[in-house]
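A closer look at the structure
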Amino acid sequence: MAFNVLISDPLSEEGIQVLNQQDGIHYELATDLTPEALLKKISKVDALLVRSQTQVTRKLIEAAENLKIIGRAGVGVDNIDLNAATERGIIVVNAPNGNTNSAAEHTMAMLMALSRKIPQAYYSLKHQQWDRKKYVGVELKNKTLGIIGLGRIGAEVAYRAKGQRMNIMAYDPFLTKEKADHLGIGYGTVQDVLKEADFITLHTPLLKETKHLLNEEAFEQMKPGVQIINCARGGIIDEAALYEAIVSGKVAGAALDVFEEEPFHDNKLLELSEVFATPHLGASTVEAQENVAVDVCQDVIRFLTGGIVQNPVNLPSVPKEVLNQIEPYFNLAENLGTFLIHLAREVIEEVNIYYSGELAGVETAPITRNTIKGLLTRHLGEHVNDVNALYLAEKRGIRIHENKTSTTKGFTNLLTVEIVTKSEKRRVAGTLLNGLGPRIVMVDDYSVDVTPKGHILIIHHRDIPGVIGKMGSLLAQYNINIATMQVDRADVGGDAVMMLTVDKHLETKELEALKQLDEIYQATAIDL
Ligand SMILES: NC(=O)c1ccc[n+]([C@@H]2O[C@H](COP(=O)([O-])OP(=O)(O)OC[C@H]3O[C@@H](n4cnc5c(N)ncnc54)[C@H](O)[C@@H]3O)[C@@H](O)[C@H]2O)c1
Ligand SMILES: O=C(O)CC[C@@H](O)C(=O)O
């Protein structure tokens, strides 16, 4: 078989050698194509290899009649429309490990240059100024480095910053006390990190949850004189808010490798002398580029020659007969996972999945993967799929158990998912009702009946007169219309749960206002 491979961003020669060594691969290196030119070429391409520049849009994917695989030489896949690729059955692979070291080193370079104002001092010297007073820096030793996102790169940065004798305070939704102790670092909530850090470095993906994580409100919580580093993704910082925080003197400096808009020719932040920047160079080392190019080219060849890829980002292929039987449960499973992650108040240590009724007799592994995908996506983003979900959970120390049981509570099929954290277990169960589709039928020990769709509000509260009224008027104040509502309780006057579907997404301040009501223990808004 012969395959056409298009390389549309600069790729290291070592990767190209991998393609050269494989019979039947015809590659073309075309790194300066306009979107229109790329669109014209794409119909004959079997594999597309990109870094972060090429925007692999839905339009491009839809025009790619022969495209089978997209390889991303690097980690972030935010330049690829994953849904469009998945819908078209195009597998996306990336190279998540090859540039970790370089990105961590670049972060350290930014941190050290920031603390000693090296770029500013150099710039001034280049402009014939010999100014030793203006460029007095601060030591890193004994300062607190706040790390938001302790994945591959964040953890490497922590390790290196300890070498600078810094104190580390990290936040990551998957960071447990045990892991923090093992790494010899402090951990807390994102607010703890914002309040305590002298320097803050970001290492999360850009997700709905992390978009503008550092905004006006976040800057207000920080220590005066804090300094910021972003070598993760533009958009995690609200650039307008950062600008104001620097002008007001709250933030003393910022070192940025990534921006809300890339590439740019003009960015207001660069007018400020407290800011210096690099043009997305975190992974730009000879070693990282070799690593990611080789990794991604090997995966593309494995796939084109019928092998199993190592770093899939989207859907795997499932045999048709198995798929027909279990596919209807995928959505339910994913929704139950998403539902539970919103109820989790602590780091998840274990997940128990109970298959009962008809479900006890089918191939359940893909359903489990979809459940875990739903559970992890909130914090890990769109690159979690049913291929890598179990791997990602395992990497985070989450134990997963599948159980087949005869307990059906009267349903033909029942899927129950339970998460175990240090101090509690939370559960949700769902079923597929013949002709009516998926339903959530149990939350913790309470019976409910809700279609897992739209905006759902779950309120754990005390069963006393007046709660429903108070809650209803509060929602009315915010112009939130209740579509459906159910209440169940353990005992008269004891704990109870209210499950509502509402007509719009609840903003944080609206949810916070509900939590202020004395009778409410937990109020959770979920958009499915
Ligand atoms: N500048 C560059 O050239 C460059 C190079 C490589 C990677 N990156 C970027 O760096 C980032 C980190 O990459 P990685 O390989 O370490 O990814 P990773 O998936 O290993 O780690 C990301 C971590 O962020 C955590 N996270 C998610 N939501 C969070 C939140 N709201 N608050 C705190 N933590 C949260 C996740 O739990 C995860 O542990 C990504 O955005 C990646 O695209 C940039
Ligand atoms: O291609 C690049 O150099 C950027 C890579 C980096 O941002 C990544 O996400 O891996």
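Quick caveat, the model's predicted, so the values are computed rather than measured.

1. Quick notes on the overall build of the protein
Along the backbone of the protein there are 17 helices and 22 strands. Expected size for 528 residues packed as a compact globule is a radius of gyration near 24 Å; at 25 Å, the protein falls within 12% of this value. Dimensions along the principal axes, computed over C-alpha positions, put the protein at roughly 80 × 60 × 45 Å. Relative to its full complement of 528 residues, the protein shows a buried share of 44%. Considering only contacts within the protein whose residues lie at least 6 apart along the sequence, 64% involve residues at least 24 apart.

2. Observations concerning the site of ligand 1
Neighbouring ligand 1 are 34 residues, the closest being Gly76, Gly149, Gly151, Ile153 and Gly282. Looking at the shell around ligand 1, the elements that each hand over two or more residues are α5 (100–115), α7 (152–163) and α14 (365–380). Broken down by element, the shell around ligand 1 gets its largest block of residues, 3 residues, from α7. In the shell around ligand 1, the residues fall into 17 nonpolar, 12 polar and 5 charged.

3. Re the packing of helix α1 (residues 13–20) against helix α12 (residues 286–304)
Contact geometry of α1 with α12 gives a least axis separation of 7 Å together with a crossing angle of 20°. Here α1 lies roughly parallel to α12, going by the angle between them. For α1 against α12, the interelement crossing comes out right-handed. Contacts from Glu14, Gly15, Val18 and Leu19 in α1 reach Glu290, Ala293, Val294, Val296, Cys297, Gln298 and Ile301 in α12. Of the residues that constitute the contact of α1 with α12, the class distribution is 7 nonpolar, 2 polar and 2 charged.

4. Details of the sheet that holds strand β14 (residues 399–405)
Across the sheet, 6 strands lie side by side as β14-β13-β15-β16-β17-β18; this open sheet has mixed pairing. One side of each edge strand has no neighbouring strand; the edge strands of this open sheet are β14 and β18 (446–450). Put simply, the sheet's adjacent strands are angled 20° from each other on average, direction ignored. Bridge analysis of strand β13 (residues 350–357) against strand β15 (residues 413–420) gives 8 bridges, and the strand direction is antiparallel. Directly across from Ile353, in β15, lies its bridge partner Val417. The sheet contacts of α14 involve β13, β14 and β15, and relative to β13 the element is tilted by about 140°.

5. Comments concerning the site of ligand 2
For ligand 2, the full set of nearby residues is Arg51, Ser52, Gly74, Val75, Gly76, Asn99, His280, Gly282, Ala283 and Ser284. Looking at side-chain class alone, the shell around ligand 2 contains 2 nonpolar, 7 polar and 1 charged residues.

6. Concerning the domain arrangement of the protein
Domain boundaries in the protein define domain 1 (3–95 + 287–304), domain 2 (100–277), domain 3 (318–452) and domain 4 (454–528). The C-alpha centroid of domain 3 is placed 33 Å from the C-alpha centroid of domain 1.

7. Observations regarding the environment of Phe330
Checked against the element boundaries, Phe330 lands in helix α13 (residues 320–343). Distance in space between the C-alpha atoms of Phe330 and Arg369 is 8.8 Å, their sequence separation being 39 residues. If near-sequence neighbours (up to four positions away) are discounted, Phe330 is found in contact with Ile367 and Asn370.

8. Some details on the sheet that holds strand β3 (residues 47–50)
Read across the sheet, 5 strands follow the order β2-β1-β3-β4-β5 without closing on themselves; strand pairing throughout is parallel. Each of the sheet's edge strands pairs with one partner strand only, and the pair in question is β2 (25–29) and β5 (91–94). Strand after strand, the sheet turns through a mean of 20° between neighbouring axes, direction not considered. Both strand β4 (residues 69–72) and β5 contribute to a ladder of 4 bridges, which runs parallel. Among the inter-strand pairings, Ile70 is bridged to a residue of β5, identified as Val92. Along the sheet face, α12 touches β1 (3–7), β3, β4 and β5 and points at about 165° away from the line of β4.

9. Quick notes on the nonpolar core
Residues Val5, Leu49, Val92, Ala170 and Val300 are the most contacted members of the largest nonpolar core, which totals 99 residues. It is α12 that provides the largest number of residues to this core, a total of 9 residues. Looking at which domains feed residues into this core, each of domain 1 (3–95 + 287–304) and domain 2 (100–277) gives three or more. Membership of the second largest hydrophobic core comes to 51 residues, among which are Tyr355, Ala389, Met442 and Ala496.

10. Thoughts on the UniProt feature "domain: ACT" (unreviewed entry) in the protein
In the numbering adopted here, UniProt assigns the feature "domain: ACT" (unreviewed entry) to residues 456–528. Helix and strand shares over residues 456–528 are 26% and 42% respectively, and the end C-alpha atoms of the span are 8 Å apart.

11. Examining the environment of Leu415
The residue Leu415 is located in strand β15 in this model. Through-space distance from the C-alpha of Leu415 to that of Ala429 is 5.5 Å; in sequence the pair is 14 residues apart. Excluding its chain neighbours within four sequence positions, the residues that come into contact with Leu415 are Tyr329, Leu332, Ala333, Leu336, Tyr355, Leu359, Ala429 and Gly430.

12. Examining the packing of α5 against α7
Running from N to C, α5 and α7 point in directions that differ by 50°, and their axes come no closer than 9 Å. When the interaxial angle is binned, α5 and α7 end up oblique. As for the relative orientation of α5 and α7, their crossing is right-handed in sense. Taking contact as the criterion, the partners of Thr100, Asn101, Ala103, Ala104, Thr107 and Met108 in α5 are, on α7, Arg152, Ile153, Glu156, Val157 and Arg160. Among the residues forming the contact of α5 with α7, the class breakdown is 5 nonpolar, 3 polar and 3 charged.

13. Looking at the pairing of β15
Here is the key point about a regular strand: its side chains alternate between the two faces of the sheet. Taking burial as the measure, the 8 residues of β15 include 6 buried ones, the bulk of the element. Counted between consecutive antiparallel strands, the loop separating β15 from strand β16 (residues 425–433) contains 4 residues.

14. What to know about unusual backbone geometry
Following Glu262, the chain continues to Pro263 via a peptide bond in cis, the omega torsion being -10°. Summarising the element assignment, Pro263 is placed in the loop between β11 (251–256) and β12 (275–277). Unlike most non-glycine residues, His212 shows phi in positive territory, near 55°. Along the chain, His212 falls in the loop between β9 (199–202) and α10 (216–221). Positive phi, close to 50°, is recorded for Asp444, a residue that is not glycine. On the secondary structure map, Asp444 appears in the loop between β17 (437–443) and β18. Since 19 C-beta atoms lie within 10 Å of it, Asp444 is described here as partly exposed.

Rules and cut-offs
- Residues numbered from 1 in each chain as written.
- Chains lettered and ligands numbered in written order.
- Predicted model: local features only at pLDDT ≥ 70, side-chain atom pairs only at ≥ 80, totals over all residues.
- Helix = DSSP H or I, 4+ residues; strand = E, 2+ residues; numbered from the N terminus.
- Rg over C-alpha atoms; globule rule 2.2 N^0.38 Å.
- Buried ≥ 20, exposed ≤ 12 C-beta atoms within 10 Å, placed from the backbone.
- Contact = placed C-beta atoms within 7 Å.
- Near = placed C-beta within 6 Å.
- Nonpolar A, V, L, I, M, F, W, Y, C, P; charged D, E, K, R; others polar.
- Axes fitted to C-alpha atoms, helices over the stretch in contact; angles between N-to-C directions.
- Parallel < 35°, antiparallel > 145°, perpendicular 65-115°, else oblique.
- Left-handed = near helix turned anticlockwise from the far one by under 90°.
- Pairing = 2+ DSSP bridges.
- Domains from an automatic or database assignment.
- Core = buried A, V, L, I, M, F, W, Y, C linked by C-beta atoms within 7 Å.
- UniProt positions renumbered as here; feature names shortened; annotations may be inferred.

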